[in-house]
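For reference, the chains in residue letters:
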Amino acid sequence: RDNTVFQEGAADAARDVVESVINRLARERFTTNGGDAIMKLTKKQAAFVDEMIKSDRWRKMLIDLSASNKDSKLFMYCLQTISNLGHHREIANRIDQSDYFGVFNSLLRSELSVAGKLAVAGYDGYKADGKSNESLTSGQIETLTSDLRRTCTATSYTYLYAMVVLQELIKDAKDSNNESLRKACQKWERLREELEEEMMKPVSTGTTFQRKRRIDVALAMSDLVQRQRRRIDPTSDEADHRLPVPSNIASKNNLADALDSAIVVMLTKSSLGNQVDKDMAENILKFAYGGSTERIGDLLIKHPFTITTLLHNLFGTKRIRQLETRLKCARLIALAVAASERAARSQQMGITVSNEDSLSQIVLKGSQLCEQVENMVSFTAIDSVEEGQETSAGRQLSAMCIKYPVIAQGALIWAKELASNPDFVTTAAYPTLAPCILCLVRIISLHHPLARPAALELSLIFIGHSNSDISHQKMESIKEQCLRLMLLLSAQGLCIEVISAVKDKLRKNGSSELDSALIRYFVSGLLDTVQTPLTVPFCNSFCGLLVESQCVDALKSQHFENGRRAQIIQLINQVETDGKRSDERFWSNVRPMLTAVKSVYSAGEVLN
């Protein structure tokens with residue numbers, strides 16, 4: 001064995017042990033008075049605090065302790081200093097910043113800036129501090145957005161503040177002639193929509209009053225409420241308080257106000273867990289009698305939660321049963337799809353706007369096909385666009401999912417709700433119906449890139465299934481199909497998300513959901529698809545999986561081919577060679593994880 005490699009790996013292990021011991025002692029013995037005493041020391045005597053803040057290892061401990069000691073002046077100083085140094089990602093990953101407005105403000109400013117710059121330059125072109133930011137990939141951007149959603153919606157004041165900041169940013173960007181700012185504006189607009197959707201989501205915690213209060217706060221910043229108070233023209237997105245309201249548009253105002261109020265009612269009731277009824281849908285569609293259907297679609301796509309609600313009511317397992325109400329919901333979805341197609345066509349994307357009437361019938365038929373295959377023992381899902389009444393329900397559904405993104409989204413909602421039901425895995429149809437659903441999800445992921453995160457989430461749900469009445473071989477077969485889907489998704493750009501999801505499964509549930517055979521199956525698939533050169537985030541993520549204890553036990557078993565272990569070492573050696581040729585920053589970022597993997601797998605011993 002390479003002594004240098006062994007010593008470096010042992011040194012890292014020793015540091016981890018020391019760090020865990022000190023973390024435990026600090027949590028158990030720290031007192032607010034002791035922290036305040038440190039703040040009274042001279043700058044020279046307290047220099048060790050600044051040294052700890054500069055250290056990646058000790059900085060995490062300080063952030064964790066600040067969350068459990070919110071009244072401590074010491075940790076308030078540490079957290080503010082860490083924020084000033086720009087380590088917002090570390091803070092966002094470990095604590096809720098809504099309790100520290102200064103830190104929250106710095107985080108919001110930094111993350112919105114990063115999102116805007118990425119929209120302008122892309123992941124490869126973005127520069128931070130004069131250097132390319134290799135740590136920011138699509139996976140990390142999803143984490144960035146997720147952390148912003150969680151933090152900004154933690155309290156009413158953080159949500160209101162974030163929405164005002166986004167509103168001003170978007171307004172300034174639209175007023176500017178700078179094309180780069182217009183690209184950033186699209187990111188900020190999408191983030192604003194996601195924050196509103198996060199606030200409107202039904203939650204199971206808290207009282208009804210608390211849930212209603214959360215919804216009221218979300219609606220208070222919405223143009224659906226504010227438009228009636230400050231705008232002359234109800235179809236305008238701009239406010240002008242200087243001019244009087246012309247009498248000739250009073251009826252137009254009343255009609256538009258009714259549309260806004262109808263959408264507010266649907267949002268409120270849906271957020272409280274109520275199903276869309278006939279009156280809700282009809283009140284929205286009434287605008288078309290004296291106005292334009294385009295306005296309805298434009299408003300729906302500005303508030304995506306309304307579209308998600310309608311899809312859940314049409315495709316979900318708790319779908320609407322009344323045909324008339326389903327037709328109205330299908331028409332609203334069709335209006336939203338047509339509005340999005342018009343917006344895409346205005347940007348010269350070459351998209352044809354669908355006919356609203358025919359599209360509403362297609363949406364209704366897609367929901368009926370999901371209901372039909374749900375009651376089958378199995379169905380056929382193929383990658384073909386053949387349609388027709390003579391084909392089977394599964395073939396029709398597959399073709400519609402390929403041709404119409406809205407049907408694909410509805411099918412994923414149906415599949416997720418069905419798979420999340422704990423009774424589904426106990427049904428007699430599960431062993432034959434589950435593989436068909438996973439095959440349909442694979443087809444959707446091939447044709448609709450934006451549906452891939454939902455496909456990954458669904459595959460993780462199926463991996464978590466367990467039923468002792470089904471043979472072990474059959475359950476393993478279904479889980480292997482899930483892993484093949486995840487490997488496909490990794491090849492389609494979600495490699496870091498997939499590996500992170502598998503690591504989370506191993507850490508939370510151990511071998512209860514992924515046994516040694518499945519781990520070997522997944523790692524073998526990764527080794528067959530991975531090719532150098534590799535990025536820093538992928539190296540750290542993949543190596544992090546390889547050193548997980550359950551993964552080590554599975555891969556050092558006699559059931560894992562020696563050639564596969566040699567393939568791991570060969571891959572690591574190739575990355576090391578490429579890293580030494582690259583800049584020092586790349587090498588310093590990946591070397592610790594590469595060393596750890598080599599120290600584990602280069603010994604050659606095999607576990608029984």
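Every chain's residues receive numbers from 1 upward, in the order its sequence appears when written. Residues qualify for local features only when their pLDDT is at least 70, as the model is predicted, and side-chain atom pairs are given and counted only at 80 or more; totals for whole chains, interfaces and linings, by contrast, use all residues. Side-chain measures were taken over the full set of non-hydrogen atoms in the model, leaving aside hydrogen atoms and water.

Peer 1: Quick rundown of the overall build of the chain? Include the residues and the values.
Peer 2: Numbering of helices and strands starts at the N terminus; helices are DSSP runs of H or I of at least 4 residues and strands are runs of E of at least 2. Across its full length, the chain holds 29 helices and two strands. The contact criterion used is simple: two residues touch if any of their non-hydrogen atoms lie within 4.5 Å. Here the contacts in the chain between residues at least 6 apart in sequence split such that 69% fall between residues at least 24 apart. Only the protein chains shown count as cover for residues, with accessible areas throughout obtained via the Shrake-Rupley method and a probe of 1.4 Å. Surface accessibility of the chain: about 29,900 Å² in total, with carbon and sulfur atoms responsible for 50%.

Peer 1: Can you tell me about the pattern of salt bridges, naming the residues and giving the values?
Peer 2: Whenever a carboxyl oxygen of Asp or Glu lies within 4 Å of a side-chain nitrogen of Lys or Arg, that contact is scored as a salt bridge. The final tally for this structure, using the stated rule, is 18 salt bridges. Across the pair Arg-149 and Glu-198 runs a salt bridge, and its minimum N-O distance is 3.6 Å. Within this pair, whereas Arg-149 is found in helix H8 (residues 138-152), its partner Glu-198 is found in helix H10 (residues 179-200), the two being separated by 49 residues in sequence. Each residue is assigned to one of three classes by its accessible area relative to the maximum for its type, calculated with a 1.4 Å probe on protein chains only: buried under 20%, partly exposed between the two thresholds, exposed over 50%. Under the relative-accessibility criterion, Arg-149 is labelled partly exposed at 22%. The class for Glu-198 is partly exposed, based on a relative accessible area of 22%. Linking Glu-548 and Arg-507 is a salt bridge whose minimum nitrogen-to-oxygen distance equals 2.7 Å. Linking Glu-548 in the loop between helix H26 (536-546) and helix H27 (549-555) with Arg-507 in helix H24 (residues 472-509), this pair joins segments that are 41 residues apart in sequence. Owing to a relative accessible area of 52%, Arg-507 belongs among the exposed residues under this scheme. Through salt bridges with shared partners, a single ionic network connects Arg-149, Arg-190, Glu-193, Glu-194, Glu-198 and Lys-201.

Peer 1: Can you tell me about the packing of aromatic side chains, naming the residues and giving the values?
Peer 2: Between 30 and 60 degrees the pair is tilted, below 30 it is stacked and above 60 it is edge-to-face, where a pair is any two Phe, Tyr or Trp rings, Trp via its six-membered ring, whose centres lie within 6.5 Å. Evaluated as defined, the whole model comprises two aromatic pairs. Aromatic side chains Phe-424 and Tyr-430 sit 5.1 Å apart centroid to centroid with 75° between the ring planes, which places their arrangement in the edge-to-face category. The class of Tyr-430 is buried, set by a relative accessible area of 0%.

Peer 1: Describe the nonpolar core, naming the residues involved and giving the relevant values.
Peer 2: Among the buried residues, those of types Ala, Val, Leu, Ile, Met, Phe, Trp, Tyr and Cys that are joined through side-chain atoms within 4.5 Å form a nonpolar core. In this structure, Ile-437 and Phe-462 are the most contacted members of the largest nonpolar core, which totals 147 residues. Here this core takes 14 residues from H24, the largest share from any one element.

Peer 1: Tell me about the side chain of Arg-520, and name the residues and values.
Peer 2: Tracing the chain through its elements places Arg-520 in helix H25 (residues 516-529). Asp and Glu are treated as the negative residues and Lys and Arg as the positive ones, with His and the ends of the chain left uncounted. Look at Arg-520: it is buried, it has no salt bridge, and the nearest opposite charge is Asp-515 at 6.7 Å. Setting aside residues up to four positions removed in sequence, Arg-520 forms contacts with Ala-554, Leu-555, Ser-557, His-559 and Phe-560.

Peer 1: Residue-level account of helix H22 (residues 430-447), with values.
Peer 2: Taking 1.5 Å of rise per residue, the 18 residues of H22 would be expected to cover 26 Å, and the 26 Å separating its terminal C-alpha atoms lies within 8% of that figure. Of all the 18 residues making up H22, 14 are buried; the element is thus mostly covered by neighbouring parts of the structure. What a helix should span is 1.5 Å times the count of its residues minus one.

Peer 1: Kindly report on the packing of helix H16 (residues 293-302) against helix H18 (residues 323-346), identifying the contributing residues and their values.
Peer 2: Any two packed helices are characterised by the angle at which their axes cross and by the distance between the axes. As a packed pair, H16 and H18 sit with axes 8 Å apart at the nearest point and diverge in direction by 85°. When the axes of H16 and H18 are compared, the pair comes out roughly perpendicular. Judged by residue contacts, Thr-293, Glu-294, Ile-296, Gly-297, Asp-298, Leu-300 and Ile-301 of H16 engage Arg-331, Leu-332, Leu-335, Ala-336, Ala-339, Ser-340 and Arg-342 from H18. Note that Gly is not counted as nonpolar here; it falls among the polar residues with everything else outside the nonpolar set of Ala, Val, Leu, Ile, Met, Phe, Trp, Tyr, Cys and Pro and the charged set of Asp, Glu, Lys and Arg. Each residue belonging to the contact of H16 with H18 can be placed in one class, and the counts come to seven nonpolar, three polar and four charged. Note on definitions: angles span 0 to 180 degrees between N-to-C directions of axes, and those axes are lines fitted to C-alpha atoms, for helices only across the stretch in contact. Our angle categories are set so that under 35 degrees counts as roughly parallel, over 145 as roughly antiparallel, 65 to 115 as roughly perpendicular, and the remainder as oblique.

Peer 1: Run through the packing of helix H14 (residues 278-285) against H18, naming residues and quoting values.
Peer 2: Closest axis-to-axis distance for the H14/H18 pair is 9 Å, and the angle between their directions is 40°. Taken as axis vectors, H14 and H18 run oblique relative to one another. Judged by the sense of rotation from one axis to the other, the crossing of H14 with H18 is left-handed. Of the residues in H18, those in contact with Lys-278, Ala-281, Glu-282, Ile-284 and Leu-285 of H14 are Glu-324, Thr-325, Lys-328, Arg-331, Leu-332 and Leu-335. Two helices that cross are described as forming a left-handed crossing if the nearer one is turned anticlockwise from the farther one by less than a right angle, and a right-handed crossing if clockwise.

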